[in-house]
Amino acid sequence: MENLKCKGARDMLPQDTACFRYIEDAFRRSCLAWGYQEVRTPTLEYLNLFTSAGTLTPKMLSRVYSFLDWDGWSGERVALRPDGTIPVARLYVENLIQEKTAKLFYVTNVFAFEETGKESREKWQGGVELLGSSKSIADVELILLALEILRSLGIEDFELQLSHAGLLKSLLAELELSTEENRDLLTQILDGNWQHLTQIQTNSPDVNRVLSLLLNFRGKTSGFLENLKTLPKLSPALKREIDNFAEVSSLLDATGCNYRIDVTSVRSFEYYTGLCFAFSLNKEKIVSGGRYDNLIPIIGNGDTPACGFALYIDSLIDLVQPQQQHAADKGVAITIESTTPSATRSVFQLAASLRKAGYVTELVISDSKPKWRWSVTVRDKPPTFSITDQTQNQKLDAASIDDVVSVILGDPA
Amino acid sequence: MLTERQSECIKLALPKGKLLPATACLLNEIGLKFDNYSQETRIYRLQATESPNISGKIFQEKDIPIQVAIGNYDFGICGLDWIEELLTKYPASSLVKLADLEYGKGSVYLAASLYGGLTQEELLNKQTRWRIVSEYPNIAETLALNLRLRRFNILPLWGAAEAYPPENAELAVLWAKSEAELKDKGLTALRALLPANAYLIANKESWQSKNMSQVMSYFRQGLEAYNKPWQQVKIRMPKSYSSYRPEPNGNKIWLAVPDGHQQEPTLEFLTKAGLNLPGYSAETLDRRPSINLDWVNVKVIRPQDMPLQVANGNFDLAITGKDWLLNHLYRFPTSPATELAELGFGGVRIVAVVTQELPAAGINDLREMVQSGKLSPLRVATEYTDIADKYLHDNHIRKYKIIPTWGASEALLPEDADLLIENTQTGKTLAKHRLKIIDNLFQSTACLIGNRDSIQSGHKNERITFMVDLFRRTAMSS
């Protein structure tokens, strides 16, 4: 049969959707418990929200789904949301900026073109944004929140990696490149091509030394950063960024959180300005986030520092095992023998009573394998109800709805 | 020895327009002559004079990369600009770039008005809304993204990009032979984006699976030759210039008049209305002709582009065709562009056309053929993509593909398309190409259009009303 589904699109079948809900529920539960509030933003946004320098990288922009709306004669393009954070930053600027601090979360889809069509072009993520705080403890809170969510999903053997966009950007500034060279180099490393940074020939041996110490070694505690800080001849700007990095990681040390410092662990960090972090499991990234103090100023001229992270639901769907929502013995299959008015009435009344008692009731429309412990056949004439307990292989007749309910409820085994 | 495999049929897509004379010269010189491949030809299907297995078809240059990519043709010759316009947006296109043919030399430039005073530094740093006009919207968009322009609007054009800066656009992305040529048009080059000579391309699938060495060896012979007379063939393009006059106060009204086929009847009409535009009638077109009304500014642009330009407020009035206005309104139903006067000339019918061989007398027959799977999906070639979309929806044709073209669409039937939505004056050309009309969509004539919002409000109201009255009176008296 020919393909009816769009290339690069993904259907979520019942099993996938159950898994999706399981992840989403765990995510929402934790966020709400940590005092975050849920928001939603529209699927369509103006493209120019994402085109400013410091928002999305050119490579990401070249994969955005953008088009002219029905009233787009001015050439103003709209885009299918390619990113979760930027629309929420816009929502904050337009609605909540007077509240200074906002703790927001959302579950959303984001769209990006992918050539082969083998990967989904629509991806789902749970996002958390903490807007209005520049304090390091905010970064720490986000990391610990992500940690809690992953653990509540039964994921334990993940790896947490830290990097620092501010440190990387001030290192680039030390290279004293022209605007254009700087932009090209940034574009390269944003795409993960770190070798371009090592290939740069600088005139300053001090900068070279810091570069090689940063790129070639992985730190395991804040001690690594304290060591870097003591290097001679660091510029004040660079020192400030290392200080910040060291502060966050020492706070993480205090909470007993394990991590590795790997500055090359981030990519596409265009809007990040400070600490960046990523959780991965078997090399697959499942959470990433960081501090983006300049994004809200770019969008709305306000001076609001912020940080956040995204949980990649599509990657997690394949990794978690949801607990069954409804155990088989909490379910009843109801069959109607012949569709008379009185039998129909009995069927739906019985179903309502059982649902009230916390059972899933499923009307049997066609012959199918019973997936519930209980099944009830409803007749027009007495004995009106026949109850079958599949686990015990027992059959029992009952005369009224109340009798049926008490038989099923009365046996909690 | 000629084996069976070497005599496989090979199809070439050959360019009309500015590249035709030099391409014809090249093909003649390398021994791959096609009869009737000349400026004057009315025949689109060609046969290589000495190789019965090689055929060709003439297309607008812009259509060639698409035709080759979708596999209708094995080889194509067109400017690198059109190849890159396709590949920028669709890098996975099935195209192989084979050889720079070293003629039709020019580049695609990013340019600004000579009189706008825009510098390189401003381009990178100025926080403004950039309006970029171009026949290459994909190249323009990629450029804007790479320059990290914060706010930009890409206004796609059918042509005459040079006429827009500085009043109607800050930047233009356009092809020119050289920076000097840009200067003649009143523009300054900010960047040369890509060299855009004539190029030989092949379909990827054909290249991988077909033995096409026979054709390739013709081209190799030419490219390795000492003498390359095709490089000496002059590109003849309609000459135009632009006599820029700064406009200190914004009180004048802007009128857009068409170039191309509609230019002559429009000029005649304007003359009848008592309007005198010396630069519009001259042999070398002035894109900004003067007019004997000192409160009117005139620009000459493509009629296809006018509705969008009027909607954006770049022009108060424009003379275009009803077909282009409708095409615009179907795409942008809330657009303020509106018809103000019917001018009574340039009458054409917009028709649905199929090949005479197709056993279909009307659109209903066609629908049945699509439904039964005989013509599914229906391939629809048209310049009027939005009129075609609406027509096909209205007639409940469920499965179709629109192939946008830039003129000479009749060449596509029957091999490369099943249905055309086209304009015709008498239907004679269609009949000559063994095509038949199965439906009349509507009658189109030249009309004066304006911007509903700007007419209702604003200080220009009185002047616009004067012009509309003048045009209506003139149309009635003829």
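Residues numbered from 1 in each chain as written. Chains lettered and ligands numbered in written order. Predicted model: local features only at pLDDT ≥ 70, side-chain atom pairs only at ≥ 80, totals over all residues.

Draft legend 1. Focus on the overall build of chain A. When helices and strands are counted, chain A shows 15 helices and 16 strands. Dimensions along the principal axes, computed over C-alpha positions, put chain A at roughly 95 × 55 × 45 Å. Counting across all 413 residues of chain A, residues that qualify as buried make up 34%. Sequence separation of at least 24 residues holds for 68% of the intrachain contacts in chain A that already meet a minimum separation of 6. (Helix = DSSP H or I, 4+ residues; strand = E, 2+ residues; numbered from the N terminus. Buried ≥ 20, exposed ≤ 12 C-beta atoms within 10 Å, placed from the backbone. Contact = placed C-beta atoms within 7 Å.)

Draft legend 2. Focus on the overall build of chain B. Across its full length, chain B carries 17 helices and 23 strands. Dimensions of chain B, computed from the C-alpha atoms along their principal axes, are close to 80 × 55 × 40 Å. In chain B, which comprises 478 residues, the share counted as buried stands at 45%. The long-range fraction of contacts in chain B, counting pairs at least 24 apart against all pairs at least 6 apart in sequence, stands at 71%.

Draft legend 3. Focus on the packing of helix 12 (residues 322–331) of chain B against helix 14 (residues 385–394) of chain B. All names here are of chain B. Running from N to C, helix 12 and helix 14 cross one another at 65°; their axes reach a closest spacing of 7 Å. Judged on the interaxial angle alone, helix 14 and helix 12 are roughly perpendicular. In the packing of helix 12 onto helix 14, the handedness of the crossing is left-handed. Across from Leu 326, Asn 327, Tyr 330 and Arg 331 in helix 12, the residues of helix 14 making contact are Asp 386, Ile 387 and Lys 390. Considered class by class, the residues forming the contact of helix 12 with helix 14 number 3 nonpolar, 1 polar and 3 charged. (Axes fitted to C-alpha atoms, helices over the stretch in contact; angles between N-to-C directions. Parallel < 35°, antiparallel > 145°, perpendicular 65-115°, else oblique. Left-handed = near helix turned anticlockwise from the far one by under 90°. Nonpolar A, V, L, I, M, F, W, Y, C, P; charged D, E, K, R; others polar.)

Draft legend 4. Inspection of the packing of helix 14 (residues 341–356) of chain A against helix 15 (residues 401–409) of chain A at higher detail. Residue and element names in this part refer to chain A. Two elements in contact, helix 14 and helix 15, have axes separated by 10 Å at closest approach and are oriented at 40°. Both helix 14 and helix 15 take part in a crossing whose hand is right-handed. Here Ser 346, Gln 349, Leu 350, Ser 353 and Leu 354 of helix 14 come into contact with helix 15, specifically with Ile 401, Val 404, Val 405 and Ile 408. By residue class, the composition of the contact of helix 14 with helix 15 is 6 nonpolar, 3 polar and no charged.

Draft legend 5. Structural view of the domain arrangement of chain B. All names here are of chain B. One can read the domain layout of chain B as domain 1 (5–104 + 197–227), domain 2 (107–195), domain 3 (254–347 + 446–477) and domain 4 (348–444). Taken together, the 9 residues of domain 3 in the interface contact 9 residues of domain 4. The leading source of residues in the side of domain 3 that touches domain 4 is helix 12, at 6 residues. Considering only residue class, the side of domain 3 that touches domain 4 consists of 2 nonpolar, 4 polar and 3 charged. (Domains from an automatic or database assignment.)

Draft legend 6. Structural detail: the sheet that holds strand 20 (residues 400–404) of chain B. All names here are of chain B. In space, the 5 strands of this open sheet follow the order 20-19-21-18-22, with mixed pairing throughout. The sheet is open, and its two edges are formed by strand 20 and strand 22 (435–444), each paired on a single side. Neighbour-to-neighbour, the strand axes of the sheet open up by a mean angle of 25°, direction not taken into account. This element, helix 13 (residues 363–371), spans strand 18 (348–355), strand 19 (378–382), strand 21 (419–424) and strand 22 of the sheet and lies at about 120° to strand 22. (Pairing = 2+ DSSP bridges.)

Draft legend 7. Representation of the interface of chain A and chain B in the model. Facing the 16 residues of chain A at the interface are 19 residues of chain B. In terms of residue class, the side of chain A that touches chain B is built from 5 nonpolar, 8 polar and 3 charged.

Draft legend 8. Structural detail: the pairing of strand 11 (residues 306–312) of chain A. All names here are of chain A. Within strand 11, 6 of the 7 residues are buried, leaving the element largely enclosed by the surrounding structure. Relative to strand 11, strand 6 (residues 122–131) is paired through 7 bridges, and the arrangement is antiparallel. For Gly 126, the partnering residue across the bridge sits in strand 11 and is Leu 311. In terms of strand pairing, strand 10 (residues 284–291) meets strand 11 through 5 bridges, oriented antiparallel. Following the sheet pairing, Val 287 is matched in strand 11 by Leu 311.

Draft legend 9. Main features of the pairing of strand 18 of chain B. Sheet analysis places strand 18 of chain B next to strand 22 of chain B, joined by 8 bridges and oriented antiparallel. Paired with B:Ile350 across the two strands is B:Phe442, which belongs to strand 22 of chain B.

Draft legend 10. Molecular detail of the nonpolar core. The biggest cluster of nonpolar side chains holds 220 residues, and the ones touching the most others in it are A:Ala146, B:Ile132, B:Ala172, B:Val173 and B:Val380. Sorting elements by how many residues they give to this core places helix 5 (residues 136–152) of chain A first, with 8 residues. Beyond its immediate chain neighbours, meaning those up to four positions away, A:Ala146 contacts A:Phe279, A:Val287, A:Phe309 and A:Leu311. (Core = buried A, V, L, I, M, F, W, Y, C linked by C-beta atoms within 7 Å.)

Draft legend 11. Representation of the domain arrangement of chain A within the structure. Examined at the domain level, chain A breaks down into domain 1 (14–317) and domain 2 (328–409). The centre of domain 1 of chain A, based on its C-alpha atoms, is set 53 Å off from the matching centre of domain 2 of chain A.

Draft legend 12. Examining the confidence of the model for chain A more closely. Across chain A, the average pLDDT comes to 89, with 97% of residues at or above 70. In the model of chain A, helix 8 (residues 195–199) of chain A stands out as the element of lowest mean pLDDT, 75, in contrast to strand 1 (residues 37–38) of chain A, which has the highest, 98. (pLDDT = per-residue confidence, 0-100.)

Draft legend 13. Structural context of the environment of B:Gln304. Residues and elements named next belong to chain B. Positionally, Gln 304 belongs in the loop between strand 15 (296–301) and helix 11 (306–311). Judged by the 21 C-beta atoms lying within 10 Å of it, Gln 304 falls in the buried class. Separated by 152 residues in the primary sequence, Gln 304 and Phe 152 place their C-alpha atoms 22 Å from one another. Each residue touching Gln 304, except ones within four places of it in the same chain, is listed here: Trp 158 and Trp 324.

Draft legend 14. Layout of the confidence of the model for chain B. Residues and elements named next belong to chain B. Confidence along chain B averages 91 in pLDDT terms, with 98% of residues attaining 70 or more. Every residue in residues 1–6 scores below 50 in pLDDT, and together they form 4 contacts with partners more than four places removed in sequence or on other chains. The ipTM assigned to the predicted complex is 0.80, against a pTM of 0.85.

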